[in-house]
Amino acid sequence: MDFSSINDLEPNYQNIDTTLADPIVFEKYSGEEHLIDLGVLGSFAQSLNLDKRWDSDHIGLATNFWIKPTDELRIYNVTRPVTSFTYWLGQQAEQKIYLTHTQNVNRNWNFTFDFNRVTSEGFYQRQKTSIYDTWITSKYKSNSNNYILYSYLKYGDLNNEENGGVNDITFWETSNASSTSEPVNLTQARNENNNLEVGIVQRFQFGKSSIVDTIKQPIENVRSSLEHAVMAKKIKWRYQDEAPDSSNYDHFFFSPNETHFKIENKEIENKLTFSLYDSTRSKLQISAAHHYWEAFQVGNSVIDSPFTDVPDSYEFKEHHLLLGAKAERQLGNSRFSVWADTEIDIIEFDFKNVETSLEGGVMMQLDSGQLSLEIHSLERGPNFIESNHHSNHFMWENDFQNIIKTGGRFQWMDDRLNLSLEGGVDRYSNFLYFNEVAQPNQFSEFQHYFIDLNKTTHLKRWLFKTSVLYQGVNEDSYSNQLNLPDWSIKQGIAIESRLFKKAVHAVFGIDGQYVSDFSIPEFNPLTGKYFVNRQVDQDPYVRIDAYVKFKIKRTRVFLRMDHLNQDVISPGNFLVYGYPQPDRNFKLGVS
C-alpha cells in the first residue's frame, strides 16, 4: 500500500500494519502537542504557543482540532481492498469510531472512504458532544504517469452543548462534591458547526516518465509539470442560548433574552503551480493563487437591547493573491532549497486597504534530516469577529490597525536521532486580544521568543518520547494578558514485551504533562473566543495517563486510564477558568 497527501502527490511507500502505533483516537487531529481546551471533546482549543496562534482562520474562531484538516488526508493506492476499523469505549457514554476503506478500481484508479464518529455525555452537566467527519477521495493517474487527478469531498458536523463553566470553582473542596451534579452557568446553550469542502487537483507532467508501481522508491525523470488545484469550502457556525439569565453573563452580557449568533463562511481558491526539473539535481517551482473569501454574520436584535440601530446581518469579503517561488539544487549528498512567498490581501476591492506579507528562507536537506532558516514580515488585518460583531449582547465595529509580525525561526530535524528542534523570535505590532470584558483590544508592541523540542529515544525495549515548549515575552504584563505559560512539557515512557511465546506484542506506558503556573484565560461562548481572566491564576498543572496496548496478528487492543493522578496532587485542574479538565476515567478500544 502506498499513500500521498493533497500537498504532495508523490507517493510514500509503506507496508500495512507493521507497528503498534496508536490509531487515530479523536483526542485531536493535530501535531500540536501543547494545547488548552474546555475539557470536553469537540470544544474550542487554543495553542499554548503564541507562535501557533497567528494562522487563525478568516472568521477568527478558535481552531477546531477535532475535524481532520485537508492537508492530513491520505491518497492511497492498493493491490487489494483494505479496511481499517477502530472502536473506543469510555466512561460517560464516550464512543469513538474510525473507519477507513480503500480499494482500486484498476491499477491506476483508487477510491477511499473515511468515516469518523464521536459521542460523549461529558463529566459535567451540559457537555454532550456529537461529531461526524466524513471524507470521500479518489485518485487517478494515466499509464504513462503524465497525468494525475485527485479529488475529494469532505463533510464535518460538530454539535456540543455549552455549559458556560461550573458555578463554583472550589466545589472540589466539598467532600461530597459530584461533577455530574455540580451546577453550571448555562443550561440551554449549544454550538453547531458544519463544514463542507470539495477539491480537485490536476497535474500534467511533461517529458519522459517511468514509475515502479510496487512497494519501492519510485523512479521518475520528468522535465516539467503544471498543477492546477481548485477548492471550495462552506462553513457554518451557530451559537444559541435560549435562557442567558445566569450571573455568569453580568460582566459582558446585557440582555437576559434568548440570543443566537450565526456565521456563514464561503471560500474558493484557485492555485496554479509550474515546476521545471533538471534531471534529479535541480528544480524550480513557481506558484500563483487567488483565494476569495466571504463571511455573512447574523445576530438577533431584541426590544430591550442596549444598542440602537443594530443591523440583523453583516457581510465581509476579501481577495487574496499569493505568489511563490522555490529553487532546489542537489550538491553531493545534500540538497539545498531557497524559497520566497508573498501574499497581498485586498479588502472589499478597496485598493487602499491592502495587506502585504513576505517570507522566505533556505533549507539544507542531508542524509539524516534537514536544517531550515526563515525570515518573515507578515501582515494581516483583524479577522471577522475582531472587526465586527452584532447581537443583542455585543455590538462593535472596530477600525483596528493591521497586525504585523516580523522575525525569524529555525528548524532542525534529524531522522537518525529522532529529534526535532524549532525556535523563533518575533516582534508583534498592534497584536489583537480580547480584554477583561471579552471585547477586542490592541497592544502597541512586544517581542515573543520560543523553543520547541521533540525527541524520541529507543533503548532496547524502552521508548521515551519528550516534547518541551519554553517561551516568553519581553513584558511580563503581556504574558498574563496573552495567557502564556513559560513551560509546557509532555513526557511518555513505554516498554515493549512479547508474551505467550511471542504470539502477543504488548506495550505498557505512562504519559505525563506539566504546564507551569500562568494566568488561565476565560471563554466567551457567544463569540467562541478566549479572553483575559479577571479571576485567578492556575497553579502548575500536572496530569498522568497510563495505558496498555496488545497486538495479536492484525488485531490491536487498547486499555487506557486518563488523569490517573487525580486526588493525589490535586482534586482537579482548570486550564480555562470555570471549565474543569475531565475526571479520572477508563477507556478501552479495539482496532
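## Digging into the pattern of salt bridges
Okay, step 1: Across all of its chains, the model carries 17 salt bridges by this definition.
Okay, step 2: Each of the salt bridges in this network shares a partner with another, and the network as a whole consists of E94, K96, D511, R543, D545, R560, D562 and K587.

## A short note on the confidence of the model for the protein
Okay, step 1: For the protein, per-residue confidence averages 78 on the pLDDT scale, and residues scoring 70 or more make up 79% of the total.
Okay, step 2: Mean pLDDT in the protein bottoms out at strand β2 (residues 8–13), which sits at 42, and peaks at strand β22 (residues 419–429), which reaches 94.
Okay, step 3: This model gives residues 250–256 a pLDDT under 50, and the stretch forms 25 contacts once residues within four places in sequence are excluded.

## Quick look at the environment of L38
Okay, step 1: One can find L38 in the loop between β3 (35–36) and β4 (46–47).
Okay, step 2: Residue classification places L38 among the buried residues on the basis of a relative accessible area of 3%.
Okay, step 3: Once the C-alpha coordinates of L38 and Y579 are considered, the two residues, 541 residues apart in sequence, prove to be 5.5 Å apart.
Okay, step 4: Apart from residues no more than four positions distant in its own chain, L38 is found in contact with S43, F44, E162, F523, Y530, V576, Y579 and P580.

## Some words on the side chain of N185
Okay, step 1: Here N185 shows up in the loop between β10 (147–162) and β11 (189–206).
Okay, step 2: In this structure the side chain of N185 is engaged in a polar contact, spanning 3.5 Å, whose partner is the backbone oxygen of V166.

## Structural notes on the nonpolar core
Okay, step 1: Within the largest apolar cluster, 36 residues are counted, with the highest numbers of intra-cluster contacts made by F523 and V576.
Okay, step 2: Sorting the residues of this core by element identifies β12 (224–241), β13 (259–278), β14 (282–298), α1 (384–387), β30 (529–531) and β33 (574–576) as the ones contributing at least two each.
Okay, step 3: Broken down by element, the residue count for this core peaks at 3 residues, all from β33.
Okay, step 4: Setting aside its immediate chain neighbours within four residues, V576 contacts I36, D37, L38, I520, P521, E522, F523 and Y530.

## Details of the packing of aromatic side chains
Okay, step 1: Throughout the structure, instances matching the rule amount to 18 aromatic pairs.
Okay, step 2: Aromatic side chains Y449 and Y470 sit 6.4 Å apart centroid to centroid with 45 degrees between the ring planes, which places their arrangement in the tilted category. Taken together, the residues Y449 in strand β25 (residues 445–459) and Y470 in strand β26 (residues 462–473) connect sequence positions 21 residues apart.
Okay, step 3: Exposure remark for Y470: the relative accessible area of 31% places this residue in the partly exposed category.
Okay, step 4: Where F508 meets F550, the ring centres are 6.3 Å apart and the plane angle is 90 degrees; that geometry is what we call edge-to-face. Taken as a pair, F508 in strand β28 (residues 504–515) and F550 in strand β31 (residues 541–552) lie far apart in primary sequence, 42 residues in all.
Okay, step 5: Taken together, the ring pairs in this structure connect Y428, F431, Y433, F443 and F446 into an aromatic cluster.

## Topic: the pairing of β28
Here is the key point about a regular strand: its side chains alternate between the two faces of the sheet.
Okay, step 1: One ladder, built from 12 bridges, connects strand β27 (residues 487–499) with β28; its direction is antiparallel. Opposite A494, over in β28, you have G509 as the bridge partner.
Okay, step 2: Linking two consecutive strands that pair antiparallel, namely β27 and β28, is a turn of 4 residues; a positive phi of about 50 degrees is found at F500 within it.

Procedures and definitions
- Residues numbered from 1 in each chain as written.
- Predicted model: local features only at pLDDT ≥ 70, side-chain atom pairs only at ≥ 80, totals over all residues.
- Heavy atoms only, no water.
- Salt bridge = Lys/Arg side-chain N within 4 Å of Asp/Glu carboxyl O.
- pLDDT = per-residue confidence, 0-100.
- Helix = DSSP H or I, 4+ residues; strand = E, 2+ residues; numbered from the N terminus.
- Contact = heavy atoms within 4.5 Å.
- Buried < 20%, exposed > 50% of the residue type's maximum accessible area, 1.4 Å probe, protein only.
- Polar contact = N/O pair within 3.5 Å; in protein donor to acceptor, adjacent residues only side chain to side chain.
- Core = buried A, V, L, I, M, F, W, Y, C linked by side-chain atoms within 4.5 Å.
- Phe/Tyr/Trp six-rings, centres within 6.5 Å; stacked < 30°, edge-to-face > 60°.
- Pairing = 2+ DSSP bridges.

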